[in-house]
Amino acid sequence: MKTATKKKSAPAAFPLDRAGLLKAYRTMRTIREFEERLHAEFAKGDIPGFVHLYAGEEAAGTGIMMHLQDKDRIASTHRGHGHCIAKGVDPKAMMAEIYGKASGSCRGKGGSMHIADLSKGMMGANGILGAGAPLACGAALAAKFRGDGAVGISFIGDGASNQGTFLESLNLAAVWNLPAIFVVENNGYAESTSRDYAVAVDSYVDRAAGFGLPGVTVDGLDFFTVYEAAGEIIKRAREGGGPALLECKMVRMYGHFEGDQQAYRGKGEVEDIRANKDCLKMFSERVIEAGIIARGELEAIDRECLAVIDEALAYAKAAPLPKPADLLNDVYVSY
Amino acid sequence: MARTLTMRQAINEALDQEMARDQNVILMGEDIAGGQGGDGELDAWGGPLGVTKGLYHKHPGRVLDTPLSESAFIGAAIGAAACGMRPVAELMFLDFMGVCFDQIFNQAAKFKYMFGGKAQTPIVIRAMVGAGFRAAAQHSQMLTPLFTHIPGLKVVCPSNAYDAKGLLIQSIRDNDPVIFCEHKNLYDSQADVPAESYAIPFGEANVVRDGGDCTIVAYGLMVGRAMEAAKQLSPKGPKGGVECEVIDLRTLSPIDWDTVIDSVERTGRLVCVDEANPRCSIASDVSAMVAQECFKALKGPIRMVTAPHTPVPFSPVLEDLYIPSAAAIAAAVTKTMAQ
Amino acid sequence: MSASRIVPIVMPKWGLSMKEGKVTGWLLEDGSPINIGDAILEVETDKIAGAVEASEPGVLRRRVGTPDTVYPVKALLGVIAEAAVPDAEIDAYVASYVMPAADEGEEDQAAKYEFADTPTGTLRYARRGGAGDNLILLHGFGGDLDNFLFNIDALGETATVYALDLPGHGQSIKNVAKPDLASLTAALAGFMDKLGLKDAHLVGHSLGGAIAMRMAAEAPGRVKSLTLICSAGLGSEIGSYVDDFVAAQGRKDLKPVLETLFADKSQVSRQLVDDVLKYKRLDGVDAFLKALAQAVFGGRKQQDFPAAQLAGKAPPALVIWGREDAVIPAAHAGNLPGATVKVIDGAGHMVFMEKAGEVNALIKAHIARS
């Protein structure tokens, strides 16, 4: 496997069939609607704590997760809503969790930064940057012992890529030849600090090479490029070929967290993202241009996704709050 | 069949038997076999003090030597536990938690609660604790209170070989993360240990000596010292006249409050012994609880016997002063008896 | 007068691990006449408290052991001699008494546990003596061969004694296919086959008594006599002991359960409780005991009446009971037709521990008769 930067995929050949493309679009649109709605609702002040939105980054998570099954485990980040949805976690339970409700994914005990659903292979969003990398190694190790061909995937931001946990995990995965994959979601910012300020190397591929791992950098806005590169890496890992790193260059449509005034952004940067770097728009144009899917079909999916999020929000708002006794339960399996 | 085993052998046997019983039990740690990748012997070390010796060849592929990389391998053990394995990770010295603490207290300890009860993390982290090994400040600490403080973790510290085997087997079978603290100066201590597997339940203190005058609460290496003090103080001893009840906590989280409180209700006096530093220690924790629950039963002030508020010194003459002695325990008992 | 007529009373060795014992008090005064089996003084170890009994008749001439003092095994505690032996001779005997050195070889021979591979699995046993008929000691529910620590040596003086850990108990195999009276009886037969014991006198306590009766019914030629001590299988009533024993999880709940075994509750030492707890915590024991309890004592009623199967073919039988037995009522003592019955006052279910000398003498006499 080469360690290089991939060019955009050839426009004519799609790596998925029509059903696959529709599924990918539905996933990305669900994430976008979920995040846009949270953006609006958060401003009203009804959501406790803080949330980090994945809007703008949908192509990366979806392009990777399209290859995964429930047995494959992912360790997510603080910006985990998109990963959850793409991995199959129920948006209603997620929304209820974000509202701190008893019927949330984590019964209101985790919130936005800790949504998990192990039955779907989602090992949790994580409030500690870089902490997911060793956990994904553990998932990969467990898969290796089970011999079930599953993989463990760690998502990490460009900021957390400087954490020792991440770097140690690259080494551990390499020396143990684990079916572990490290996805660097490089959206250009670690909170308010530019990626270029905090990371000295130009490419994460170089970092992977330093640990003896193959790596590839792709345009994370291009679903098809991500999908193909991830497919190759995941297949290789499943077959015992060992770990790899995938860098997805992408953009963050909103701030680090909701309420972030983003004064650190350049003039016109956000507008440019909206106009020219929207991965959903890019996907739509490609499939419509190719004549595989009609615009009307996508619009119908948009309406359905909107309804799903409407329903999720209504469900979350109406859901019961945790009871006082819930404060004390589920600390241990038994104590 | 009960044989006399050292604590080192008892721990090895517990690991061996649990690995034979459950294929999901794996061992991970630095040099737990040793000799990987070299031209010499494999399983050259069996752990820095030989505790895991022999298991590498007995359980092929399931004893994993790790790079010197505690964050990664402790985290990987936790991740594997969340995915159905039962890893026993050896952290070598509990002092090394400094480089992987996040994985222990922010990840393993939190999964069950933070994920609404839908995850479990059956990991055991074994580590050496305690002073007296001439290993100075970074390899000798009794950091049990730090872990006991954290909800979601269980903390075990056996005082003898019999308990070590039964508590380690329970730790491996337990579905919560367990910090299993092995006092390095107890590895050669001997006790009768059944050859069969057995589990000692958590949260059950062991009353190792009955007495009606003063309760001494201790754990780990301090249990032996408390017993020595009790012997010195009993009527046939040179100091004469005090019968101490000695309680070995065995597990610090969960902790057996009932046994401690029942005892103090009878004796009216309490000496808490802890090899940890004094502030926010197991000793202060037990003292506070007893002060709250047994105030009316107390006939004298609770006394704590702990290490001083200093790092562990290197020079043997200083280190021996650092570790609470039987004489210090006896003096504390005498002091509380005098009031 | 020869010194051979002076008999020492020494610190006994009750069980393999006993190294020393504490004299807790004298039961007789200097000058008291003594018969074989009389309790002379009380000794306590970390495991158990018991009485030292006379092995020879005579007069208690000198109390050497001081109460509340710990002595090693074989240390001189007192002197028995005929009244005619002069005091000077007693003084000289005490002054010159040398504690026999621990003979390693002898100790191994006498005290070692052995293991037999039987069709049921590995069974642990202890053997004493070597002359006379075979005698097999069978303990009760949840017990083990060490229950007979006050009996095995005394009985070994006139018989070849085997004390057996029943399957699921002590250090015998814990994985028992179908724990019930039939399988335990089959295990006993397998044990006798393995050791080449054509026949034996069976001494069974509680559950062990039921096994002994069943063995006698199934293989009458192999059982020369029966001694049934507070035996199961003679009636349907049983106290809550079995259920409570199975349910007890820690020392605090186990101690009161074990106390129901004794008329004198102080017999239950911390070490006894610890040992039972250690046994209960071995893998497989809990499941075994639950299954066995259900099969033999389910619904708090005894389910088997091997006594009924014995009609007409019972070997000579002795039934011994502790008057204060709180586990199986002493009223059952009369339920085996033709048996000699002895109900002993001041003792509970563990009458053979509490009144060891008396029980040992009864068994020896019974075997001599049979």
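Quick caveat, the model's predicted, so the values are computed rather than measured.

### With respect to the interface of chain C and chain B
At the junction of the two partners, chain C supplies 15 residues and chain B supplies 23 residues. Both sides together, the interface formed by chain C and chain B hides about 1400 Å², and carbon and sulfur atoms give 40% of it. Three residues stand out in chain C for area buried against chain B, namely C:R270, C:R281 and C:D283, and they jointly supply 41% of the buried area on that side. Connecting chain C to chain B are four salt bridges. Close ionic contact of B:D210 with C:R270 constitutes a salt bridge, the shortest N to O distance being 2.7 Å. Linking chain C with chain B are nine residue pairs in polar contact (both at pLDDT 80 or more). Where the side of chain C that touches chain B is concerned, the elements lending two or more residues are α7 (251-259) and α8 (270-280) of chain C. Per element, the largest residue contribution to the side of chain C that touches chain B is three residues, and it comes from α8(C).

### Some remarks on unusual backbone geometry
Cis rather than trans, the peptide bond between B:S253 and B:P254 has omega equal to 0 degrees. Turning to its location among the elements, B:P254 is positioned in the loop between β12 (251-253) and α9 (257-267). One non-glycine residue, A:D330, lies in positive phi territory at about 65 degrees. Looking at where A:D330 falls in the secondary structure, it is placed in the segment after α12 (295-318). For C:R300, which is not glycine, the phi torsion reads 55 degrees and is therefore positive.

### Quick word on a negative patch on the surface
Residue and element names in this part refer to chain B. A cluster of like negative charges, contributed by D258, D262, E265 and E293, occupies part of the molecular surface. At three residues, the largest contribution of residues to the negative patch is made by α9. Within the secondary structure layout, E293 lies in helix α10 (residues 282-293).

### A short note on the packing of α7(C) against α8(C)
Residues and elements named next belong to chain C. For the pair α7 and α8, interaxial distance at closest approach is 10 Å and the crossing angle is 110 degrees. The orientation of α7 relative to α8 falls into the category roughly perpendicular. Handedness of the α7/α8 crossing: right-handed. Taken together, the residues of α8 that come into contact with α7 (itself represented by R251, L254, K255 and L258) are R270, L272, V273, D274, V276, L277 and K280.

### Brief notes about the interface of chain B and chain A
Contacts between chain B and chain A engage 44 residues on the former and 40 residues on the latter. Around 3300 Å² of area is buried between chain B and chain A when both sides are counted, 66% of it from carbon and sulfur atoms. In this structure, the connection of chain B to chain A is made through one salt bridge. A salt bridge links B:K112 to A:D330, with the shortest nitrogen-to-oxygen separation between them at 4.0 Å. Put simply, chain B and chain A have 20 residue pairs in polar contact (both at pLDDT 80 or more) between them. Among the secondary structure elements, those contributing two or more residues to the side of chain B that touches chain A are β2 (25-29), β3 (63-65), α3 (70-82), α4 (101-108) and α5 (111-114) of chain B. The dominant element in the side of chain B that touches chain A, judged by the number of residues it contributes, is α3(B), at ten residues.

### Section: the state of the cysteines
Residue and element names in this part refer to chain B. Per the stated rule, a full pass over the model turns up zero disulfides over all chains. C272 provides the cysteine sulfur closest to C280, a residue in no disulfide bond, and the two sulfurs are 14 Å apart. Judged by its relative accessible area of 66%, C280 falls in the exposed class.

### Let's talk about the domain arrangement of chain C
Size of an interface, as often reported, equals the accessible area lost when the parts are brought together. All names here are of chain C. Looking at chain C, the domain boundaries give domain 1 (3-103) and domain 2 (112-369). On a C-alpha basis, the centres of domain 1 and domain 2 stand 30 Å from each other. Across the boundary between the two partners, domain 1 contributes eleven residues, which contact 13 residues of domain 2. Overall, the association of domain 1 and domain 2 removes approximately 1000 Å² of surface from exposure, summing both partners, and the carbon and sulfur fraction of that is 58%. Taken together, the links from domain 1 to domain 2 amount to zero salt bridges. The interface formed by domain 1 and domain 2 holds one residue pair in polar contact (both at pLDDT 80 or more) in total.

Calculation notes
Residues numbered from 1 in each chain as written. Chains lettered and ligands numbered in written order. Predicted model: local features only at pLDDT ≥ 70, side-chain atom pairs only at ≥ 80, totals over all residues. Heavy atoms only, no water. Contact = heavy atoms within 4.5 Å. Buried area = accessible area lost by both parts, 1.4 Å probe. Salt bridge = Lys/Arg side-chain N within 4 Å of Asp/Glu carboxyl O. Polar contact = N/O pair within 3.5 Å; in protein donor to acceptor, adjacent residues only side chain to side chain. Helix = DSSP H or I, 4+ residues; strand = E, 2+ residues; numbered from the N terminus. Patch = residues over 30% accessible without salt bridge, like charges linked within 9 Å, V, L, I, M, F, W, Y side chains within 5 Å. Areas by Shrake-Rupley, 256 points an atom, 1.4 Å probe, with all protein chains shown as cover. Lys, Arg positive; Asp, Glu negative; His and termini not counted. Charge placed at Lys NZ, Arg CZ, Asp CG, Glu CD. Axes fitted to C-alpha atoms, helices over the stretch in contact; angles between N-to-C directions. Parallel < 35°, antiparallel > 145°, perpendicular 65-115°, else oblique. Left-handed = near helix turned anticlockwise from the far one by under 90°. Disulfide = S-S within 2.5 Å. Buried < 20%, exposed > 50% of the residue type's maximum accessible area, 1.4 Å probe, protein only. Domains from an automatic or database assignment.

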